[in-house]
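# Breakdown of the fold
In case you want the letters, here they are:
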Amino acid sequence: MEVKTSLLDNMIGVGDMVLLEPLSEESFIENLKKRFDHNEIYTYIGSVVISMNPYKSLSIYSAEKVEEYRNRNFYELSPHIYALADEAYRSLRHQDKDQCILITGESGAGKTEASKFVMSYVAAVCGKGQEVNKVKEQLLQSNPVLEAFGNAKTVRNDNSSRFGKYMDIEFDFKGDPLGGVISNYLLEKSRVVKQPRGERNFHIFYQLLSGASDDMLKKLKLDRDFSKYNYLSLDSATVNGLDDAASFRTVRNAMQIVGFMEDEVQSILELIAAVLKLGNIEFKPESRVNGFDESRVKDKNDLKEMCELLGIEQSVLERAFSFRTVEAKMEKVSTTLNVAQAYYARDALAKNLYSRLFTWLVNRINESIKAQTKTRKKVMGVLDIYGFEIFEDNSFEQFIINYCNEKLQQIFIELTLREEQEEYIREGIEWTNIEYFNNAIICDLIENNKNGILAMLDEECLRPGTVTDETFLDKLNTVCAEHQHFESRLSKNSKFLTDHSLPHNCFRIQHYAGKVLYRVEGFVDKNNDLLYRDLSQAMYKANHNLIKLLFPEGNPAKVNLKRPPTAGFQFRASVGTLMKNLLTKNPNYIRCIKPNDKKAAHIFTDSLVCHQVRYLGLMENVRVRRAGYAFRQAYEPCLERYKMLCKQTWPHWKGPAREGVEVLLSDLQVPAEEFAYGRSKIFIRNPRTLFFLEEKRRQCLEDLAALIQKIYRGWKCRTHFLLLKKSQVVVAAWYRRFAQQKKYQKIRCSALVVQSFIRGWKARKLLRELKHKKRCEEAVTTISAYWHGTQARRELKRLKEEARRKHAIAVIWAYWLGLKVRREYRKFFRANAGKKIYDFTIQRIIQKYYLGLKKTMPSMSPIDKSWSTCPYGFLDGTHQELRRIFHLWRCKKYRSQFTEEKKATYEEKLAASELFKDKKALYPSSVSQPFKGDYVEITKNPKYQKLNSLVEDKVLLADVVSKINRANGKGTPRIFLLTKKCLVLADQKTGQVKASVPLPDLSSVFVSTQNDGFFALKLREGATSAAKGDYLLSSDRLIEIITKLYCTGAASAERNQIKIDISDEFLVQFKQDKVCVKFIQGTPKNSNSVSCKRKNNRLLEVSVPSP
Ligand SMILES: Nc1ncnc2c1ncn2[C@@H]1O[C@H](COP(=O)(O)OP(=O)(O)OP(=O)(O)O)[C@@H](O)[C@H]1O
Ligand SMILES: [Mg+2]
């Protein structure tokens, strides 16, 4: 960060115009321009601050900047408005001096902004605390309220203050703000009814219409559309960068902070609405008998609404727009108003309403912000007043404004000189008279009580008879003709007779800031500022507190026939008071300059700035300041700044600062007339001398800088070298270590390679030797093996040879013996030896066969089919026969073990086999089942005791069977009993007899060939038991049942044999019907069980699972 210790450091141009060399208007403007181009908008003339409007926001108003300038000496830092504000605040606090800050400049130069910066700076640096903050906030928030009602957009400034404002901020002894008082000067009320082209009415009108809620507008009987109101100019109703709606919210908020009550705000807005309505009231002429026109309100709607808003009786106001009552002494004369007069009256009322409201607002704010304590206060006044105005067409307002500026210039010069003189006295320096232009003579021309222009105007306004602007000019021409600053074509001063730049209805004044031409038209009217009494009385009658307050003269009880003071008179008086006020305070000046007419940043119009520099009297200012000594500075900072220029004072001066400065200046041989020693400051007459010192200092600083640089660079190089050296040693050490390490690695690697080669070579050599040794051993083994082999084979050969020879010997011996025996026994053998040997051999073989058969005999079971195979072919027949005999014998043995009962059973089994074997598929499964006969234990089961007793004979068979229902083929369990004489069907559960069939009635039994248990008992036709028809039954033990039935039938001699029919389709008699029972092989779908279904009347189908 750049650190500044003096205003003289890093200067762009010169920061203080007093130091400008050479001093001329051109160099002055050039300096301003240079600084402006570098965003240096502030420049000093001694303690006066020149402020250029940058027309852009700069970052020089931050909180950090406030801190930077806080408690610093005025010239210590580069020029800034904060330096001035700080100086003023500190003088107020520490020296107990009341201060005033006078801000001047033309419209748009930045006065209002400057005043706000000053106020915000003071607010930032003064004390803090809840109460203090509230006061600060109220003081700051008074600005937006006043700006809304008192500012407007003009061609020069979008936020132009249309009133002069002087605000006294009051502080306690500690410097904490206590409150404030605001004074306002000459509000430009003509703006309410008419605005020049490209300008607007006061902001509040637009803010209200844009920002108020629909509800509020309805209450105020307003429409949001600007074009509905005659008093609002439309060509610039909206301003770039200005948000009226947002501003309205800000203003309402500010009003609340300042302390306005809700009903007060409402009343104010009603008044604003009333002014707008008033502007819409129009008049039409109505002829009267006396030949004059009388004005009448055209459309009464606006009038009505306005009266409703303000609580005024409509007829009263309507009359006031048509008639005017003039009271003279005790007489009252009523005259009619023509249309022009009515419009005049309407506009006068609007202007008065607004300007009085504005004054009331200021007073109301004062009431809120006034200090609460009565203790002595210190005051800082801030004056933001319109600057000098020179237009093409200058009227009464410009005259008044310029008069005010003339007065300000006067006190500016007076106070500057006075301050200068005071400082000289304070510092004990001899006072030399300073030549300057004193504008008292111009002030006198305007305000002189006897023959001043304002006095002339008042005189003319009060004079009876016809008074016009021309009569007023005539008067001026007579009275002021000789004045050297007054110019008029028709004055007695023949000098201007031929001056065509001076029209006849004008006069010209040579102000301190230049000549201004004023047109007299309107001077008288504006000075009179007339509001017809009828109107003020109508207003007073309003049922509206605020309106009543604003028009106290309308009170009939206080009729004052005296004319009210004229505008000029009032203004002169208030300016007088202001001047008196300012004279008692220590002044601080901010002179604002506008760089261009386009409200644009970065544009610097030389001619415009030159014009302002002239009329602000800035050159005058510099000259006054430089007339004595151009520059002054306290000894301490002076010595501190220049001590390096002299050996004695550098680097430290031990004695008092003043002596140090003396030694310094004499050492530098500065001529004695160029400076003077004050009590605490050194005074330098010419800027030249200061610049000489500055130049020397700059050179010296350069030398010092070079020296410091030299030493620093030397030190830096040395330390750098040492560092390099140290590093080099370290690097070398590391490098050597590294190189040795690498070398060692290499040697190690080589050693390893050599080592490995040698080892390899040795190993290979050893391997070769070992291999050789091994091969030798193998060869030995092989050779010895071959050798042993050869030996063994040779031995074997020899042994074989020997064995063969022995065998040959034995054979030859046997043959020889045989031959010998045969030769000996040949004669006996030939007769019967052959037959005997044969028989013997056969006998031996058969013997051997039987013995073998005995060993391989099969078991005694008749079903054992095993039999050994025959070992000799010629015994095959014998072998089979023996097998058959053995089987028959074995069966006989088996049968001989049978009891009678078992025999009967086997007979039954035999019968079953004869009946069913290979005829019915169910048969094979029955073979292994013993035929038990009684399966329900009929004799033991108590359930069947009764049934048992009913049956006379012995029960041959008792079993549960299914009786097939003839209707649906479903089965019902029944006990099936067979005796020698009959068969009985009984209920399984109860044992009750359902049917009893004597065996002789049974003609035949039908069964299928399939694997099912279905059987039909066919009864003999005509038999008594056949009444219900045949029986179709089913049982798993079908084979046993049928066999027993058959055997029982066969055993009985009385009747015919029961016929057993095996077929897959048979007819059964059910009562009258003959039904065919058909057996089919069931599909796999029909599960594994047998199912029986009645297909139709004639067919019962039994499906049997396929095997
Ligand atoms: N210091 C500044 N920094 C930025 N902008 C500025 C500064 N001073 C002034 N301005 C701009 O210039 C405009 C006009 O300034 P300001 O209203 O203070 O002028 P003024 O001298 O009070 O004019 P008038 O006499 O018409 O009231 C401001 O609205 C603002 O945009
Ligand atoms: Mg302003």
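Note that the structure is a prediction, hence the values are computed from the model and not measured.

## Overview of the domain arrangement of the protein
Along its sequence, the protein is carved into domain 1 (631-689), domain 2 (868-897) and domain 3 (900-1104). Here the C-alpha centre of domain 2 lies 169 Å away from the C-alpha centre of domain 1.

## A few points about the state of the cysteines
Per the stated rule, a full pass over the model turns up 0 disulfides. No disulfide involves Cys 100; its nearest neighbouring cysteine sulfur is the one of Cys 404, lying 13 Å away. You can call Cys 100 buried: its relative accessible area is 0%.

## Some words on the packing of aromatic side chains
Within this structure, the stated rule accounts for 41 aromatic pairs. Between the aromatic rings of Tyr 629 and Phe 683, the centroid separation amounts to 5.8 Å while the plane-to-plane angle is 75°, which identifies the pairing as edge-to-face. Placement of the pair is Tyr 629 in the loop between α22 (618-627) and β17 (631-634) and Phe 683 in strand β19 (residues 681-684), with a sequence separation of 54 residues. When sorted by exposure, Tyr 629 lands in the same class as Phe 683, which is buried. Between Phe 886 and Trp 889 the ring centres are 5.9 Å apart and the planes differ by 40°, which places this aromatic pair in the tilted class. Note that Phe 886 and Trp 889 are positioned in helix α27 (residues 876-895) at a spacing of 3 residues, about one turn of the helix. Residue Phe 886 is classed as buried on the basis of its relative accessible area, which comes to 9%. Through pairs of rings, three or more aromatic residues link up here, namely Phe 396, Phe 399, Phe 472, Phe 486, Phe 507, Tyr 518 and Phe 523. Between Arg 364 and the ring centre of Phe 260, over which it is positioned, the NZ or CZ distance is 5.1 Å.

## Things to note about the nonpolar core
Judged by nonpolar contacts, the single largest core of 190 residues is most densely connected at Phe 28, Phe 149, Phe 205, Leu 317 and Phe 507. Sort the elements by how many residues they give to this core and helix α12 (residues 339-369) lands first, with 15 residues. Once residues lying within four places of it in the same chain are set aside, the contact partners of Phe 205 are Val 192, Leu 232, Ile 272, Val 275, Leu 276 and Tyr 354. Core analysis: the next-biggest nonpolar cluster, separate from the first, contains 32 residues, Leu 922, Leu 957, Val 997 and Ile 1041 among them.

## A short note on the packing of helix α6 (residues 203-211) against helix α9 (residues 262-280)
Each pair of packed helices can be described by the angle between their axes along with the distance between the axes. Two elements in contact, α6 and α9, have axes separated by 11 Å at closest approach and are oriented at 100°. Here α9 runs roughly perpendicular to α6, going by the angle between their axes. Facing α6, whose interface residues are Ile 204, Phe 205, Leu 208 and Leu 209, α9 presents Leu 269, Ile 272, Val 275 and Leu 276. Here the residues of the contact of α6 with α9 sort into 8 nonpolar, no polar and no charged.

## Details of unusual backbone geometry
Cis rather than trans, the peptide bond between Glu 21 and Pro 22 has omega equal to -10°. Tracing the backbone through its elements, the reader meets Pro 22 in the segment before α1 (25-37). With an omega of 0°, the peptide bond between Trp 650 and Pro 651 qualifies as cis. Following the sequence through the fold, Pro 651 ends up in the loop between α23 (635-642) and α24 (657-668). Despite not being glycine, Asn 71 shows a phi value in the positive range, around 55°. Checked against the element boundaries, Asn 71 lands in the loop between α2 (63-69) and α3 (81-94). One non-glycine residue, Lys 599, adopts positive backbone phi at about 55°. Assignment of secondary structure puts Lys 599 in the loop between β16 (586-593) and α21 (606-615).

## Observations concerning the site of ligand 1
Close to ligand 1 lie 18 residues, the nearest being Ser 107, Lys 111, Thr 112, Ser 160 and Ser 161. Between an oxygen atom of ligand 1 and a side-chain N or O atom of Lys 111, the distance comes to 2.7 Å. A total of 620 Å² of accessible area belongs to ligand 1 in isolation, and the protein chains cover 86% of it. Elements with a contribution of two residues or more to the shell around ligand 1: α4 (111-125) and β5 (160-161). When residues in the shell around ligand 1 are grouped by element, the largest group, 4 residues, is from α4. Of the residues assigned to the shell around ligand 1, the class counts are 5 nonpolar, 9 polar and 4 charged.

Definitions and cut-offs
Residues numbered from 1 in each chain as written. Chains lettered and ligands numbered in written order. Predicted model: local features only at pLDDT ≥ 70, side-chain atom pairs only at ≥ 80, totals over all residues. Heavy atoms only, no water. Domains from an automatic or database assignment. Disulfide = S-S within 2.5 Å. Buried < 20%, exposed > 50% of the residue type's maximum accessible area, 1.4 Å probe, protein only. Phe/Tyr/Trp six-rings, centres within 6.5 Å; stacked < 30°, edge-to-face > 60°. Helix = DSSP H or I, 4+ residues; strand = E, 2+ residues; numbered from the N terminus. Lys NZ or Arg CZ within 6 Å of the ring centre and 35° of its normal. Core = buried A, V, L, I, M, F, W, Y, C linked by side-chain atoms within 4.5 Å. Contact = heavy atoms within 4.5 Å. Axes fitted to C-alpha atoms, helices over the stretch in contact; angles between N-to-C directions. Parallel < 35°, antiparallel > 145°, perpendicular 65-115°, else oblique. Nonpolar A, V, L, I, M, F, W, Y, C, P; charged D, E, K, R; others polar. Near = heavy atom within 4 Å. Polar contact = N/O pair within 3.5 Å; in protein donor to acceptor, adjacent residues only side chain to side chain. Areas by Shrake-Rupley, 256 points an atom, 1.4 Å probe, with all protein chains shown as cover.

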